[in-house]
Number of protein chains: 2
Amino acid sequence: MAFTDASLVALRVFREVAERGTLTAAAAALGYTQSAVSRQIAALERAAGAALLERRHDGVRLTAAGRLVLRHAAAVVDQVDAAARELAGLPSEDESTVRLGWFATAGAWLVPQALVSLGRSHPSITVVTRESSTPALVRALRAGTLDVALIASLPPFRAPDDETPALEAEALVERSLQVALPASHPLARNDFIDIADLRGHRWIAGPGDQLVMGVWPGLDERPRVAHTARDWLAKLQLVAAGLGITTVPAGLVAVVPAGVRVLPVRGGPSEQRRILLARLPGPMPEPVARLAAALRAAVVESWHQPIG
Amino acid sequence: MAFTDASLVALRVFREVAERGTLTAAAAALGYTQSAVSRQIAALERAAGAALLERRHDGVRLTAAGRLVLRHAAAVVDQVDAAARELAGLPSEDESTVRLGWFATAGAWLVPQALVSLGRSHPSITVVTRESSTPALVRALRAGTLDVALIASLPPFRAPDDETPALEAEALVERSLQVALPASHPLARNDFIDIADLRGHRWIAGPGDQLVMGVWPGLDERPRVAHTARDWLAKLQLVAAGLGITTVPAGLVAVVPAGVRVLPVRGGPSEQRRILLARLPGPMPEPVARLAAALRAAVVESWHQPIG
DNA sequence: CCGGGGTATGCGTGGATGTCATGGCCTTCA
DNA sequence: TGAAGGCCATGACATCCACGCATACCCCGG
């Protein structure tokens, strides 16, 4: 079979795989078995006459040919979906709809704040959002499933990925990492914490291998992790309950619950964190530009709020 | 099956049908049986949830839904083909390639003349051309198989078709119909022919029901058609051989073979003929604009040549 | 060396898609 | 008015493809 009449299902499956990074995950998302997905990809590769995926022990990665096909597949699938919507008489996925992806932290303050103000200034723009991990966001951008994404970046601030075409990334803000501790804690009476005082504490960290999320990176001891949690509210409530301390990006300060105090850390290198606004290169549709502006404004606004 | 995963083959078939205007012709062009095409279309209509074609005794016509689907199908198929070309490492159907369609008469003077001059001034532009009947040209434009087409138009100069979106048509030139007769003929000594002198001649006309092509439209007698031919060279050689006379558009004057004289007709209403340059509405790619300019220039240039 | 994450593949079955042949409808022409 | 010839639809097949299931395989980490 020539590539010119590959199956639309195959293209759709391929896009999903590219976005999930795993045949198995894509299969689950599509309601197929892993086997079916594997075969679809195999067929597509046969049609393309080249390997589209590089098989790795932890999933798959796109080859050069794969990226080529992905570009077109995304366009094709979008086009067909547009046709389907128009046929159904639906509002043809308004040009005024923006799909925004974000990493968990941004959902607590930046996203809601920006969307509220955007809703006021440009009520005609619809924003659909979705939380994902950073790699998932990057893949979704490349798969054309997202128009724009908020991505966290830490030193040495490399590009989100090293594929081509490179993503366009604008640094929205750079703030330093801070520490959250119970308001009742003796150290909370000061306006800052000395890095030396961080020793000996119990930490509340992120799940899995993300232990690094939540524990101060410059610690000169092996941290004792008392709890792990993915959810910010849960983490902060654990802090409020005096069960441990954790790190938080400065942006979260404004939405920290009662009983928690957030302080900057003195001594040691300052731990900077950036929030990037990333998208595929190319002309920026007007609604996307509006959303970007709203996000920038929200960042500025948050500076005027008390920073612990 | 939802429309969202219709088959690419079906879309391709559909485009072909839209271009040919007939299931049977599309089948022949694609190497399928008419039955297969019929089923493909049926399946597509089932997926679309609407009739895409209006069945008529002489073929099919697009319904509103059909036009909608055609728009998207053309884009989808193009996109996939582009992917295929890129995969094959081919020059990705240069943006600098223009596909031009023309009706038979234009191929004898306008097209060659314009292409030569375009080739001199913009050698980087590739033009692929194709002769077709006027309705075929119009369908090909709508199916996205041609970028631009030269179309003949006669009074009352209606639009090439009455579908939406309307085609953009620019009148390149308007010339009057003339008569070709043997250089040796007594009437050929004058610089014009009086309409009264057209009586009693033997005519060389177009094939089939196109008798009108070749016989002077204002004749007040039933014409005697001695020969029918589709090819201009054949027609003109028949004229040169003294086997009859025929009508020719003024543009052809410059390329008429020896032994043939072309004269305007006096008396009676002047028979005007227009050549339209037609394309789908939308932004005009730069190479297309160049080609259009070259065609306009060729028209102007031909005015400076002797007009019999 | 086993368990758990990935992907590939043999096997059986059902559906989709071809061809062939036929039938219905319409127009044209003798 | 009947025969011919254009068009499309459809019933009866054959074939093939793509699915699910189960299993094999590979690699890594504890």
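Residues numbered from 1 in each chain as written. Chains lettered and ligands numbered in written order. Predicted model: local features only at pLDDT ≥ 70, side-chain atom pairs only at ≥ 80, totals over all residues. Heavy atoms only, no water.

As annotated in an unreviewed UniProt entry, chain A carries the name LysR family transcriptional regulator and is attributed to Lentzea flava. On record in UniProt, under Sequence similarities (unreviewed entry), the comment for chain A is "Belongs to the LysR transcriptional regulatory family." (UniProt positions renumbered as here; feature names shortened; annotations may be inferred.)

For DNA strand C, the set of nearby residues contains 19 residues, the closest of which are A:Thr24, A:Arg39, A:Arg55, B:Thr33 and B:Gln40. Of all atoms in DNA strand C that approach within 4 Å of the protein, 53% are sugar or phosphate atoms. One of the side-chain nitrogen or oxygen atoms of A:Thr24 is found 2.5 Å away from a phosphate oxygen of DNA strand C. Within the side chain of B:Ser35, one N or O atom sits 2.9 Å away from a base nitrogen of DNA strand C. Those elements that place two or more of their residues in the surface near DNA strand C are α2 (23-30), α3 (34-48) and β2 (59-62) of chain A together with α3 (34-48) of chain B. For the surface near DNA strand C, a count of residues per class yields four nonpolar, twelve polar and three charged. (Near = heavy atom within 4 Å. Polar contact = N/O pair within 3.5 Å; in protein donor to acceptor, adjacent residues only side chain to side chain. Helix = DSSP H or I, 4+ residues; strand = E, 2+ residues; numbered from the N terminus. Nonpolar A, V, L, I, M, F, W, Y, C, P; charged D, E, K, R; others polar.)

Quick look at the relation of the copies chain B and chain A now. In screw terms, the move from chain B to chain A is a rotation of 179° and a rise of 0.1 Å along the axis, fitting with an RMSD of 0.2 Å. The relationship between the two copies is best expressed as a two-fold rotation axis. Scanning chain B for the C-alpha nearest the rotation axis identifies B:Val76, at a separation of 2.6 Å. Comparing contact sets, 100% of the residues at the interface of chain B also lie at the interface in chain A, consistent with an isologous, same-surface contact. (Least-squares fit on C-alpha atoms with pLDDT ≥ 70 in both. Contact = heavy atoms within 4.5 Å.)

Throughout the structure, instances matching the rule amount to zero aromatic pairs over all chains. The ring of A:Phe192 has A:Arg266 sitting right over it, with the charged end atom 3.9 Å from the ring centre. (Phe/Tyr/Trp six-rings, centres within 6.5 Å; stacked < 30°, edge-to-face > 60°. Lys NZ or Arg CZ within 6 Å of the ring centre and 35° of its normal.)

Below, the discussion takes up the protein's contact with DNA strand D. Taken together, 19 residues lie near DNA strand D, and A:Gln40, B:Leu23, B:Thr24, B:Arg39 and B:Arg55 sit nearest. Restricting the count to atoms of DNA strand D within 4 Å of the protein gives a sugar and phosphate share of 60%. Between DNA strand D and B:Thr24, the relevant distance is 2.4 Å, taken from a phosphate oxygen to a side-chain nitrogen or oxygen of the residue. Note that a phosphate oxygen of DNA strand D is positioned 3.0 Å from one of the side-chain N or O atoms of B:Ser38. Contributing elements (two or more residues each) for the surface near DNA strand D: α3 of chain A together with α2 (23-30), α3 and β2 (59-62) of chain B. Of the residues that constitute the surface near DNA strand D, the class distribution is four nonpolar, twelve polar and three charged.

Another aspect to go through is the nonpolar core. Residues A:Phe3, A:Phe14, A:Val17, B:Phe3, B:Phe14 and B:Val17 are the most contacted members of the largest nonpolar core, which totals 62 residues. Not counting residues within four places of it along the chain, the set of residues in contact with A:Phe14 comprises A:Ile41, A:Leu44, A:Leu52, A:Leu53, A:Leu62, A:Gly66, A:Val69 and A:Leu70. (Core = buried A, V, L, I, M, F, W, Y, C linked by side-chain atoms within 4.5 Å. Buried < 20%, exposed > 50% of the residue type's maximum accessible area, 1.4 Å probe, protein only.)

To continue, consider the packing of α2(B) against α3(B). Residues and elements named next belong to chain B. For the pair α2 and α3, the least separation of the axes is 8 Å and the interaxial angle reads 110°. On the basis of the axis angle, α2 is roughly perpendicular to α3. Crossing of α2 over α3 shows right-handed handedness. Contacts between α2 and α3 involve Leu-23, Thr-24 and Ala-27 from the first element and Gln-34, Val-37, Ser-38 and Ile-41 from the second. Taken together, the residues of the contact of α2 with α3 sort by class into four nonpolar, three polar and no charged. (Axes fitted to C-alpha atoms, helices over the stretch in contact; angles between N-to-C directions. Parallel < 35°, antiparallel > 145°, perpendicular 65-115°, else oblique. Left-handed = near helix turned anticlockwise from the far one by under 90°.)

Attention now moves to helix α1 (residues 8-20) of chain A. All names here are of chain A. The end-to-end C-alpha distance of α1 is 18 Å, a good match for the 18 Å that 13 residues give at a rise of 1.5 Å each. Listing the buried residues of α1 in full gives Leu-8, Ala-10, Leu-11, Arg-12, Val-13, Phe-14, Arg-15, Glu-16, Val-17, Ala-18 and Glu-19. Put simply, Ser-7 is the residue that caps the front of α1, since its side-chain oxygen is 3.0 Å from the backbone nitrogen of Val-9. Positive phi shows up at Gly-21, right after α1, with a value of about 80°. (Expected span 1.5 Å × (residues − 1).)

This brings us to the pairing of strand β5 (residues 148-153) of chain A. Residue and element names in this part refer to chain A. Taking burial as the measure, the six residues of β5 include five buried ones, the bulk of the element. In this structure, strand β3 (residues 97-102) lies alongside β5, joined through two bridges in parallel fashion. Bridging across to β5, Leu-100 finds its partner in Val-148. Relative to strand β13 (residues 272-279), β5 is paired through five bridges, and the arrangement is antiparallel. Counted as the bridge partner of Ser-153 is Arg-274 from β13. (Pairing = 2+ DSSP bridges.)

A complete count under the given rule lists 23 salt bridges over all chains for this structure. Of the charged contacts in the structure, one is a salt bridge between A:Glu86 and B:Arg71, with a shortest N-O distance of 3.3 Å. Taken together, the residues A:Glu86 in helix α4 (residues 64-87) and B:Arg71 in helix α4 (residues 64-87) connect one chain to another. Close ionic contact of B:Glu168 with B:Arg279 constitutes a salt bridge, the shortest N to O distance being 3.2 Å. Placement of the pair is B:Glu168 in strand β6 (residues 168-182) and B:Arg279 in strand β13 (residues 272-279), with a sequence separation of 111 residues. Since its relative accessible area comes to 37%, B:Glu168 is described here as partly exposed. (Salt bridge = Lys/Arg side-chain N within 4 Å of Asp/Glu carboxyl O.)

Turning next to the environment of B:Ser117. Residues and elements named next belong to chain B. As for its placement among the helices and strands, Ser-117 is situated in helix α5 (residues 110-121). Ser-117 gets classed as partly exposed once you look at its relative accessible area, which sits at 28%. Along the primary structure Ser-117 and Leu-295 are separated by 178 residues, whereas in three dimensions their C-alpha atoms are 9.1 Å apart.

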